[in-house]
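Each chain, letter by letter, is given below.
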Amino acid sequence: MRGKYSIEIYNNKLHYQFEVKRNITIIQGNSATGKTTLINMIADYSRLGNSSGIVLNCDRKCYVLPNERWQDFIINTKDSIIFVEENMPFIKTEEFAKCLHHSDNYYVIVYRDSLPQLAYSINEIYEIREDRESQKYIKPNLVYQSIYNIYNLDTPTNVTPDVVITEDTNSGYEFFDELFQCACVSSSGKTKMHNQMKRYANEGKTVLGIVDGAAFGADMQKMMRTISEYKNNCIIYAPESFEYLLLKSNIFNVPNGILEETYDYAESKIYDSWEQFFTEQLRSISLDAGHNYSKRHLDRFFLSNRCITKVKKLMEFVNC
Amino acid sequence: MLNIIYGEIEEQNYIFDPDTFFNNTYEDEWITDKLSIKMIKDVDKSEVIGPHLIESPVLGPISQKELSGGVKTLILINNDLNHIFNASACGDNCAKWLLEIGKVKDVTIRLGYFMDFGDGDFEIIVKNTGKLVRNRSELDAEIIDNNLI
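Peer 1: Explain the overall build of chain B residue by residue, including any values.
Peer 2: Within chain B, the regular secondary structure consists of six helices and nine strands. The C-alpha atoms of chain B give 15 Å as radius of gyration, which agrees with the globular expectation for 149 residues (15 Å, within 12%). Considered along the principal axes of its C-alpha atoms, chain B spans approximately 45 × 35 × 25 Å. A separation of at least 24 residues holds for 56% of the contacts in chain B among residues at least 6 apart in sequence. Total accessible area on chain B stands at roughly 6700 Å², and carbon and sulfur atoms take up 47% of it. In chain B, 14 side chains carry a positive charge and 26 a negative one; their mean positions are 4 Å apart.

Right under this line is the structure:
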């Protein structure tokens, strides 16, 4: 499945409107914001259609994942948006992750705990809030709800790091090590990023952490808590991925849609996350231009002045 | 005292889904209890009319089974001391009530996320390590340094 889908669902009291555009969307946030009510409305509509009294407008079928025989449900459902409620005991299991792997559906998961077995983006973690703007001009008796990003990472400004830490071990690390004059360290994986950042921040150093936003969702709570402890000297930079940066930097001619409307290109059945999609795009586009891109080892071409300068332009907020 | 077990637990008396457990075990007097009335007002913005009727500003008259999962969990934690409840069913807006309950009762809950207990001082025992923490910074460090979640 690919594409961006608007979901509008309402009854005579509540109105929800939001978009989903990747394999996995996570909804968290305060209690009593209407998460369970949303799921119940989807379930009622899915069971009874228009005779439920609920109106659902969406270009794809919407379902709620049942507790029993959920594996069969996933296998037998295609091109649909499947909502998963937090009281499903299997959400954290490897079996659930396996079922979502290369699935032909999008999933909206209501869950506050992090889900490290799933690759989800920091940009697809939301909370439900009342949309007070809508209140002004539509039906006054309805409460309008929408979803809002929990993590709004502002682009950092004027950062002079003492240490740069990358979650990438090989190619990404090799590149940033060349780009930055200061020390560059690999954390050897996303789960160790916060510990590395904390270690250097504790030494009084200004630390810039570079992570792949497209798959860092599960580690974001921990990272934000680490950053909040060291407000002035821990900065996080989270582009979609290292490969996205290279594609975005105009080193190659990249069709605009791939970067701006990725949801129309990244097929969920093939790519678990946009990080994988951008990696494949970079590999393929660079091959056409006569260069090999591999995650394991960076071709010398990417370490050339031309490439470094182009990526530096995208990272003008850093004094390299 | 508020005791928190972070991460996954397998205790026999652990309740993963407090919402469903509440629907099948609540007592009428739990709803009309003074603290419950305050918690329902604060978290769900709803008024307790009686043990079987709540007035919600959005949904109108509702039953106790239609309270939020967060407030149901708070009511269980305050009234059923025989079980350990999954407080991941509670959002950050339940944190102050967990601290309130912990001031007068010895309760143990399970958490799987970084609930925000606010900027003020508090007392929480992190059961995984046995450490008493007194503010958010100490709590975060205890969770992160010991890789509890």
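And the narrative resumes.
Peer 1: Outline the sheet that holds strand β8 (residues 124–126) of chain B, supporting the account with residue identities and numerical values.
Peer 2: All names here are of chain B. Strand order in the open sheet made by the six strands is β2-β6-β7-β1-β8-β9, with mixed pairing throughout. Two strands in the sheet have a free side with no partner beyond their single neighbour: β2 (14–15) and β9 (131–133). Pairing geometry for β2 and strand β6 (residues 84–86), over two bridges, is parallel. In the sheet register, Ile15 faces β6, and the bridge partner there is Phe85. Sheet contacts for helix α6 (residues 136–145): β1 (2–6), β8 and β9; angle to β9, the most-contacted strand, approximately 145 degrees.

Peer 1: Please provide a residue-by-residue account of the interface of chain B and chain A, values included.
Peer 2: With 32 residues of chain B in contact, the opposing surface of chain A contributes 24 residues. Between chain B and chain A, roughly 2200 Å² of surface is buried when both sides are summed, and carbon and sulfur atoms account for 50% of that area. Where chain B meets chain A, there are four salt bridges. Between A:Arg225 and B:Asp140 there is a salt bridge; the shortest N-O distance is 2.9 Å. On inspection of chain B and its partner chain A, the count reaches 16 residue pairs in polar contact (both at pLDDT 80 or more). Per element, the largest residue contribution to the side of chain B that touches chain A is six residues, and it comes from α6(B). Within the side of chain B that touches chain A, the residues separate by chemical class into 13 nonpolar, ten polar and nine charged.

Peer 1: Now, about helix α10 (residues 274–288) of chain A: what can you tell me, with residues and values included?
Peer 2: Residue and element names in this part refer to chain A. The first and last C-alpha atoms of α10 sit 21 Å apart over 15 residues, in line with the 21 Å expected at 1.5 Å per residue. Regarding α10, the residues found buried are Trp274, Glu275, Phe277, Phe278, Thr279, Gln281, Leu282, Ile285 and Ser286. Elements that come into contact with the buried residues of α10 comprise α8 (242–248) and α9 (256–260). Gly290 sits one or two positions beyond α10 and adopts a positive phi of about 90 degrees.

Peer 1: Residue-level account of the packing of helix α3 (residues 34–43) of chain B against helix α4 (residues 69–79) of chain B, with values.
Peer 2: Residue and element names in this part refer to chain B. Across the interface, α3 lies against α4 with an axial gap of 10 Å and an inter-helix angle of 160 degrees. Comparing their axes, α4 and α3 come out roughly antiparallel. Our pair here, α3 against α4, has a crossing hand that is right-handed. In this structure, α3 uses Leu35, Ser36, Met39, Ile40 and Val43 to contact α4, whose residues at the interface are Val71, Leu74, Ile75, Asn78 and Asn79.

Peer 1: Mind laying out the pairing of strand β13 (residues 234–237) of chain A, listing which residues take part and the relevant values?
Peer 2: A regular strand places its side chains on the two faces of the sheet in alternate fashion. Residue and element names in this part refer to chain A. Of the two faces of β13, the one lined by Cys234 and Ile236 and the one lined by Ile235 and Tyr237 are each fully buried. Bridge count between strand β12 (residues 207–210) and β13: four bridges; the pairing is parallel. Across the sheet, Gly209 pairs through a bridge with Ile236, a residue of β13. Read as a crossover between parallel neighbours, the route from β12 over helix α7 (residues 220–229) to β13 is right-handed.

Peer 1: Please give an account of the side chain of B:Asp17 that cites residues and values.
Peer 2: The topology assignment puts B:Asp17 in the loop between β2 and α1 (18–25). Within the local environment of B:Asp17, its side chain forms a polar contact with the side chain of A:Asn87, the two groups lying 3.4 Å apart. Of the polar contacts made by the side chain of B:Asp17, one reaches the side chain of B:Thr20; its length is 2.5 Å.

Peer 1: Report on the layout of surface pockets, specifying residues and quantitative values.
Peer 2: One water molecule sets the probe size; rolling that probe over the atoms shows where empty space is left. The volume enclosed by the largest pocket comes to roughly 1100 Å³. Forming the walls of the largest pocket are 50 residues, and the residues nearest its centre are A:Ala32, A:Thr33, A:Gly34, A:Thr37 and B:Leu59. When contributions to the lining of the largest pocket are tallied by element, the ones reaching two or more residues are β2 (14–20), α1 (35–48), β8 (125–130) and β9 (143–149) of chain A together with α1, α3 and α4 of chain B. When residues in the lining of the largest pocket are grouped by element, the largest group, six residues, is from α1(A). Considered as a void within the structure, the second largest pocket measures approximately 850 Å³ in volume. The wall of the second largest pocket is formed by 31 residues, among which A:Ile150, A:Tyr151, A:Gln221, A:Met224 and A:Arg225 lie closest to the centre. Only α7 and β13 of chain A together with α6 of chain B provide two or more residues apiece to the lining of the second largest pocket. Of the residues assigned to the lining of the second largest pocket, the class counts are eleven nonpolar, nine polar and eleven charged.

Peer 1: Now, about the pairing of strand β3 (residues 47–50) of chain B: what can you tell me, with residues and values included?
Peer 2: Residue and element names in this part refer to chain B. For β3 and strand β4 (residues 53–56), the ladder comprises three bridges, and the chain directions are antiparallel. For Val48, the partnering residue across the bridge sits in β4 and is Ile54. Here β3 folds back onto β4, and the loop between the two strands holds two residues.

Cut-off values and rules
- Residues numbered from 1 in each chain as written.
- Chains lettered and ligands numbered in written order.
- Predicted model: local features only at pLDDT ≥ 70, side-chain atom pairs only at ≥ 80, totals over all residues.
- Heavy atoms only, no water.
- Helix = DSSP H or I, 4+ residues; strand = E, 2+ residues; numbered from the N terminus.
- Rg over C-alpha atoms; globule rule 2.2 N^0.38 Å.
- Contact = heavy atoms within 4.5 Å.
- Areas by Shrake-Rupley, 256 points an atom, 1.4 Å probe, with all protein chains shown as cover.
- Lys, Arg positive; Asp, Glu negative; His and termini not counted.
- Charge placed at Lys NZ, Arg CZ, Asp CG, Glu CD.
- Pairing = 2+ DSSP bridges.
- Axes fitted to C-alpha atoms, helices over the stretch in contact; angles between N-to-C directions.
- Buried area = accessible area lost by both parts, 1.4 Å probe.
- Salt bridge = Lys/Arg side-chain N within 4 Å of Asp/Glu carboxyl O.
- Polar contact = N/O pair within 3.5 Å; in protein donor to acceptor, adjacent residues only side chain to side chain.
- Nonpolar A, V, L, I, M, F, W, Y, C, P; charged D, E, K, R; others polar.
- Expected span 1.5 Å × (residues − 1).
- Buried < 20%, exposed > 50% of the residue type's maximum accessible area, 1.4 Å probe, protein only.
- Parallel < 35°, antiparallel > 145°, perpendicular 65-115°, else oblique.
- Left-handed = near helix turned anticlockwise from the far one by under 90°.
- Right-handed = clockwise from strand over helix to strand, strands pointing away.
- 1 Å grid on protein atoms, 1.4 Å probe; cavity = no way out; pocket = protein on both sides within 12 Å on 5 of 7 lines; lining within 4 Å.
- Points joined across faces, edges and corners; volume = space filled by probe spheres on them.

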